[in-house]
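# A closer look at the structure
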Amino acid sequence: MAADRQSLGSYASAWAVQRRVIHALFMREVLTRYGRHNIGFLWLFVEPMLFTLGVTALWSLTKATHGLDLPIVAFALTGYSSVLLWRNMPARCIDAIKPNLSLLYHRQVKVLDILIARLLLEVAGTTTSFFVLGIFFITIGWLNPPEDLLQVIGGWLALAWFGMSAALLLGAWSEQSELVDKFWHPSAYLLFPLSGAAFLVDMLPKQAQEIVLYLPMVHCIEYIREGFFGSKFHAHYDMSYALIVSACMTLIALAQLRKVSREVIPE
Amino acid sequence: MQNTIFSRIKNVDRLFLIIVIIPTIIATIYLGLFASDVYISESRFVVRSPDKPASTGLGVLLKSSGFTSGSDEIYAAESFIMSRDALAALNKGGRFEKAYGAPEISLFDRFNGFGGDPSSEELYKYYRNKISIEHETNASITTLQVRAYSAEEAYRINAALIGMAEAMVNRLNVRGRQDLIRFASVEVEEAKARAASAASALSAFRNSQGVVDPEKQATVQIQMISKLQDEVIGARSELLQLRSFTPQNPQIDVLATKVKGLEREMEQQLSLVAGGSKSLSSTTARYQRLQLESQFADKQLAGAMASLQDASNEARRKQAYLERIVEPSKPDEALEPRRLRGILATFVLGLIAWGILSMLLAGVREHKS
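Definitions and cut-offs
- Residues numbered from 1 in each chain as written.
- Chains lettered and ligands numbered in written order.
- Predicted model: local features only at pLDDT ≥ 70, side-chain atom pairs only at ≥ 80, totals over all residues.
- Heavy atoms only, no water.
- Helix = DSSP H or I, 4+ residues; strand = E, 2+ residues; numbered from the N terminus.
- Buried < 20%, exposed > 50% of the residue type's maximum accessible area, 1.4 Å probe, protein only.
- Contact = heavy atoms within 4.5 Å.
- Areas by Shrake-Rupley, 256 points an atom, 1.4 Å probe, with all protein chains shown as cover.
- 1 Å grid on protein atoms, 1.4 Å probe; cavity = no way out; pocket = protein on both sides within 12 Å on 5 of 7 lines; lining within 4 Å.
- Points joined across faces, edges and corners; volume = space filled by probe spheres on them.
- Nonpolar A, V, L, I, M, F, W, Y, C, P; charged D, E, K, R; others polar.
- pLDDT = per-residue confidence, 0-100.
- Patch = residues over 30% accessible without salt bridge, like charges linked within 9 Å, V, L, I, M, F, W, Y side chains within 5 Å.
- Salt bridge = Lys/Arg side-chain N within 4 Å of Asp/Glu carboxyl O.

Right, let's get into the overall build of chain A. From N to C terminus, chain A includes 10 helices and zero strands. The secondary structure elements of chain A, listed N-terminal to C-terminal, are α-α-α-α-α-α-α-α-α-α. Scored against the burial criterion, the 267 residues of chain A give a buried share of 50%. Once local pairs closer than 6 in sequence are excluded, the contacts in chain A between residues at least 24 apart make up 76%. A total accessible area of about 13000 Å² is found for chain A, and carbon and sulfur atoms account for 68% of it.

Structure, rendered in structure tokens:
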């Protein structure tokens with residue numbers, strides 16, 4: 001029993017150290033990415049916000065192509081914010097270790113910490129932009145408040161987990177092969193139209209639905225949308241599938257990262 | 001012996017125990033001992049209704065993208081099956097509640113297994129869990145699945161639901177047909193009444209004025225007048241001859257009387273055609289109006305009758321009906337729960353979670369100062 005308490009205590013102190021490390025890396029990341037000039041770290045969410053605004057405006061203008069009495073603003077907001085969430089994280093994690101090799105000189109900085117700091121920054125940015133835009137659109141009356149806020153949050157978290165696991169996995173693989181970086185960009189572009197950002201699964205023919213539902217993010221986006229305006233369409237999702245895929249990917253990613261962090265040599 | 005087992009268990013990783021072994025044991029106990037057999041009764045149906053033409057370009061666009069392939073009636077049937085009304089009909093006399101709250105069903109699966117006073121909302125929630133309805137948009141086939149803890153119950157509920165859905169579609173039909181025909185038949189009734197009153201007005205006028213058709217009568221009369229005129233002219237010229245050549249001829253008086261008589265007769269006939277209060281010319285105007293009204297009413301009646309015929313044809317054509325493709329099945333084996341699968345899934349998921357957690361914890365431990 002005493003040994004247990006001791007080990008728990010050592011975990012707690014180690015966790016305190018790791019938290020400080022991640023926090024420091026997070027702040028460093030904010031500064032190196034956005035700098036101190038003009039609006040500084042506000043770019044964190046202004047950048048994705050501008051993207052989402054633009055896409056929302058475009059889609060609102062081409063409303064006719066979507067038909068239905070779908071709330072187009074909610075559709076665009078959930079769709080594009082979700083894309084930002086799962087697409088930017090891998091982009092930030094691929095080849096994230098090499099430029100930070102010098103940091104690994106510090107004994108307490110580990111490979112995982114660097115990646116987690118970047119991921120947290122990305123999640124924080126897209127979440128803030130999603131949140132701020134949502135509040136903004138609700139205030140000016142373009143958007144009805146979500147029908148089930150908890151479901152939206154749950155779906156968002158699940159999607160964030162999926163993005164994180166994909167990012168960790170690709171980040172670890174990119175350390176072993178340069179091909180990952182080369183392949184990620186085209187595949188991210190290919191995945192964008194398939195990811196459910198620009199369609200509802202219900203709109204697709206049956207065969208296409210079956211194929212598209214292999215992608216975990218489609219389930220998450222459908223789930224988020226059902227929380228937002230579920231009474232207006234029929235959602236197709238299986239959250240347990242999305243979560244299990246994320247869990248498996250996380251497992252593989254963590255194993256790969258342990259391997260990478262053993263092999264990596266600080267410059 | 002006991003000691004070695006105990007120490008062995010103690011040696012097992014605590015995390016592994018909590019995340020993998022204990023959930024697997026719980027799943028094994030639940031699925032192996034408690035979980036009741038679930039029988040699934042399945043049926044399939046389509047709701048057919050004639051194509052409603054997509055009127056606008058947008059409608060065509062939507063149709064091609066698969067939005068309107070299901071008719072309105074199928075959504076009505078689906079939402080009816082998932083409604084409180086359907087549950088209330090199934091639960092007449094507490095039958096549904098009794099079937100799912102039977103003591104043979106395990107405590108965890110039974111409705112209201114842990115006692116208490118269940119609200120009807122809880123029952124509805126439970127009901128929604130047991131009924132699944134899936135609509136294939138492209139083939140517009142709807143699959144209805146009912147899960148119950150006995151085969152007969154599953155079959156009974158499925159059959160009852162599909163019967164009620166069918167009745168509802170029929171009700172919608174009757175209502176739609178009545179709506180379509182009602183206006184047309186009201187119009188026919190009105191037109192009939194108008195035609196009858198116009199005809200009776202015309203005949204009353206004929207009786208009171210003693211004319212059948214003033215126009216024709218007038219021509220006859222005018223012919224007669226012209227004949228009389230001829231005779232008058234003939235008689236007059238004869239009279240003139242006699243007066244000038246044989247003034248003492250006794251025929252003169254006779255002829256003069258004849259001319260007078262003829263002239264009087266002619267005037268009388270003339271006054272019948274025009275001038276007098278009962279003359280044909282004064283009745284013609286009223287007669288023509290009445291006749292026109294009567295003709296118009298007849299035409300209206302014919303039009304209304306044609307549109308009633310159209311409406312009833314249309315109603316017959318628009319009829320939607322629920323067609324059963326697969327009758328509710330009577331399951332003879334419990335398909336759920338899939339016990340081994342469930343245990344295995346719990347175990348594998350536990351392993352994954354354990355892997356993730358232990359690696360994350362190892363990552364934390366690396367920061368030990």
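All names here are of chain A. Per the counting criterion, the structure on display carries two cavities of 30 Å³ or more. By volume, the largest cavity is sized at about 140 Å³. The greatest single-element share of the lining of the largest cavity, amounting to four residues, is contributed by helix α10 (residues 239-263). In the lining of the largest cavity, the residues fall into five nonpolar, four polar and four charged.

Residues and elements named next belong to chain B. Overall, the prediction assigns chain B a mean pLDDT of 79, with 88% of residues at 70 or greater. Across residues 53-70, confidence stays below pLDDT 50; counting only partners more than four residues off in sequence or on other chains, it has 20 contacts. Across the interface, the model reports ipTM at 0.72; the global pTM reads 0.68.

This part covers unusual backbone geometry. Look at A:Asp95: it is not a glycine, yet its phi comes out positive at around 55°. Relative to the assigned elements, A:Asp95 resides in the loop between α4 (72-93) and α5 (111-139).

Residue and element names in this part refer to chain B. Taken together, the side chains of Ile25, Ile29, Leu33, Phe34, Leu107, Phe108 and Phe114 present a nonpolar region at the surface, about 730 Å² in accessible area. Position of Leu107 among the secondary structure elements: in the loop between α6 (95-100) and α7 (120-130). For Leu107, a relative accessible area of 38% corresponds to the partly exposed category.

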